[in-house]
Amino acid sequence: MDLFASPPQTLLDDAEGGVRYWPAFAGAADADAWFRILRQHAGWYSERRKMYDRVVDVPRLLAGYRTDALPPALPLAEILARVQAIVPAPYNAVGLNFYRDGSDSVAMHNDKLHTIVPGQPITLLSLGHPRRMLIRAKAGDRGRIAVDLAHGSLLGMSHASQITHEHGIPKTARPVGPRMSIVFRVRTEAHLPD
Ligand SMILES: O=C(O)CCC(=O)C(=O)O
Ligand SMILES: [Fe+2]
């Protein structure tokens, strides 16, 4: 384990740590193994959500666990310990997203503020084919930050950044392989996964 991995790139600065990116958080051997096991054994489900007056498929697969009930067959406890060493927080929930190909995506959004604890970070590990994340201020100069989230990389986003900015993973016409994100959050009790 390389706790002294190169310092992060600061993509955005604020009083709570802003948005920071560690391109080489995990080595290829760990990242490959985590991807393979999670792809095969996580409890993936698809979801349909109401959008205005329509019901649409969420364009990616989802999975989620409380950190006090992680399935022992998944490497999530090991990943959490590694994340804690870099971005410490009392994480109690982990959400997984699986992007099967370039037509899977997440629209520009901020993480739902009533479901997460103020002051606590959102920290996400990327595995698989790199996908581009866009980060954009909600007000003022709406210039975009783009970061290609590499296999084995870590991204830490402050709670404050969820108020000022939105983020998303756009669809792409380029041929891309599957990718997943493993997102650790500190959720309010009412919004923990079942
Ligand atoms: O997959 C990603 O990198 C982003 C996921 C995300 O923004 C979310 O789950 O809220
Ligand atoms: Fe998000």
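Our structure is the block above this text.
Because the structure is a prediction, the values reported are computed rather than measured.

### What to know about the pattern of salt bridges
Working step 1: On inspection of all chains with the given rule, the structure shows 9 salt bridges.
Working step 2: When salt bridges with common partners are traced through the structure, they connect Arg66, Asp68 and Glu189 into a single cluster.

### With respect to the nonpolar core
Working step 1: Of all hydrophobic cores here, the largest spans 31 residues; its most connected members are Leu38, Leu76, Leu96, Leu127 and Ile182.
Working step 2: Broken down by secondary-structure element, the contributors of at least two residues to this core are helix H1 (28-41), strand E5 (61-66), helix H2 (76-86), strand E6 (93-99), strand E8 (122-128) and strand E13 (179-185).
Working step 3: Element by element, the count of residues in this core is highest for H2, at 5 residues.
Working step 4: Residues in contact with Leu96, not counting those within four places in the same chain, are Leu38, Ala42, Trp44, Leu61, Leu62, Ala63, Tyr65, Leu76, Ser181 and Ile182.
Working step 5: Judged by nonpolar contacts, the second largest core, of 17 residues, contains Leu11, Tyr99, Leu149 and Leu155.

### Regarding the pairing of strand E4 (residues 54-57)
Working step 1: When strand E3 (residues 48-51) meets E4, the two strands line up antiparallel, connected through 4 bridges. Paired with Met51 across the two strands is Arg54, which belongs to E4.
Working step 2: As consecutive antiparallel partners, E3 and E4 are separated by 2 residues, and within that stretch Tyr52 has a phi angle of approximately 55 degrees, a positive value.

### Overview of the sheet that holds E8
Working step 1: The strand order across the open sheet formed by 7 strands is E1-E2-E11-E8-E13-E6-E5, and the pairing between neighbours is antiparallel. Each having just a single partner strand, strand E1 (9-12) and E5 make up the two edges of the open sheet. When the angles between neighbouring strand axes are averaged without regard to direction, this sheet yields 20 degrees.
Working step 2: Of the strand pairs in this sheet, E6 and E13 are connected by 7 bridges, and their pairing is antiparallel. Within the sheet, the bridge partner assigned to Val94 lies in E13 and is Phe184.
Working step 3: Seen against the sheet, H1 touches E6, E8 and E13 and runs at an angle of roughly 90 degrees to E8.
Working step 4: In this fold H2 packs onto strand E2 (19-22), E5, E6, E8, strand E11 (153-157) and E13, with an angle of close to 65 degrees to the strand it touches most, E13.

### Observations regarding the site of ligand 1
Working step 1: As a structural note, the neighbourhood of ligand 1 is formed by Asn97, Tyr99, His109, Asp111, Leu124, Met133, Leu149, His167, Ile169, Arg179, Ser181 and Arg185.
Working step 2: Here Asp111 contributes a side-chain N or O atom positioned 3.2 Å from an oxygen atom of ligand 1.
Working step 3: Between ligand 1 and the protein, one listed contact pairs an oxygen atom with a side-chain N or O atom of Arg185 at 2.9 Å.
Working step 4: Summarising the interface, the protein chains cover 94% of the accessible area of ligand 1, which totals 290 Å² for the free molecule.
Working step 5: At the level of secondary structure, the elements contributing two or more residues to the shell around ligand 1 comprise E6, strand E12 (165-169) and E13.
Working step 6: Sort the elements by how many residues they give to the shell around ligand 1 and E13 lands first, with 3 residues.
Working step 7: Residues that form the shell around ligand 1 fall into these classes: 5 nonpolar, 4 polar and 3 charged.

### Here we look at the coordination of the iron ion (ligand 2)
Working step 1: Donor atoms from the polypeptide that bind the iron ion (ligand 2) are His109 (NE2), Asp111 (OD) and His167 (NE2), placed at 2.1 to 2.2 Å.
Working step 2: When the donors of the iron ion (ligand 2) are listed by position in the chain, the intervening gaps give H-x1-D-x55-H. Of the two residues, His109 sits in strand E7 (residues 106-109) while His167 sits in strand E12, which places them 58 residues apart along the sequence.
Working step 3: A relative accessible area of 24% means that His109 is categorised as partly exposed.

Rules of the game
- Residues numbered from 1 in each chain as written.
- Chains lettered and ligands numbered in written order.
- Predicted model: local features only at pLDDT ≥ 70, side-chain atom pairs only at ≥ 80, totals over all residues.
- Heavy atoms only, no water.
- Salt bridge = Lys/Arg side-chain N within 4 Å of Asp/Glu carboxyl O.
- Core = buried A, V, L, I, M, F, W, Y, C linked by side-chain atoms within 4.5 Å.
- Buried < 20%, exposed > 50% of the residue type's maximum accessible area, 1.4 Å probe, protein only.
- Helix = DSSP H or I, 4+ residues; strand = E, 2+ residues; numbered from the N terminus.
- Contact = heavy atoms within 4.5 Å.
- Pairing = 2+ DSSP bridges.
- Axes fitted to C-alpha atoms, helices over the stretch in contact; angles between N-to-C directions.
- Near = heavy atom within 4 Å.
- Polar contact = N/O pair within 3.5 Å; in protein donor to acceptor, adjacent residues only side chain to side chain.
- Areas by Shrake-Rupley, 256 points an atom, 1.4 Å probe, with all protein chains shown as cover.
- Nonpolar A, V, L, I, M, F, W, Y, C, P; charged D, E, K, R; others polar.
- Donors = N, O, S within 2.8 Å, 3.2 Å for Na, K, Ca; no water.

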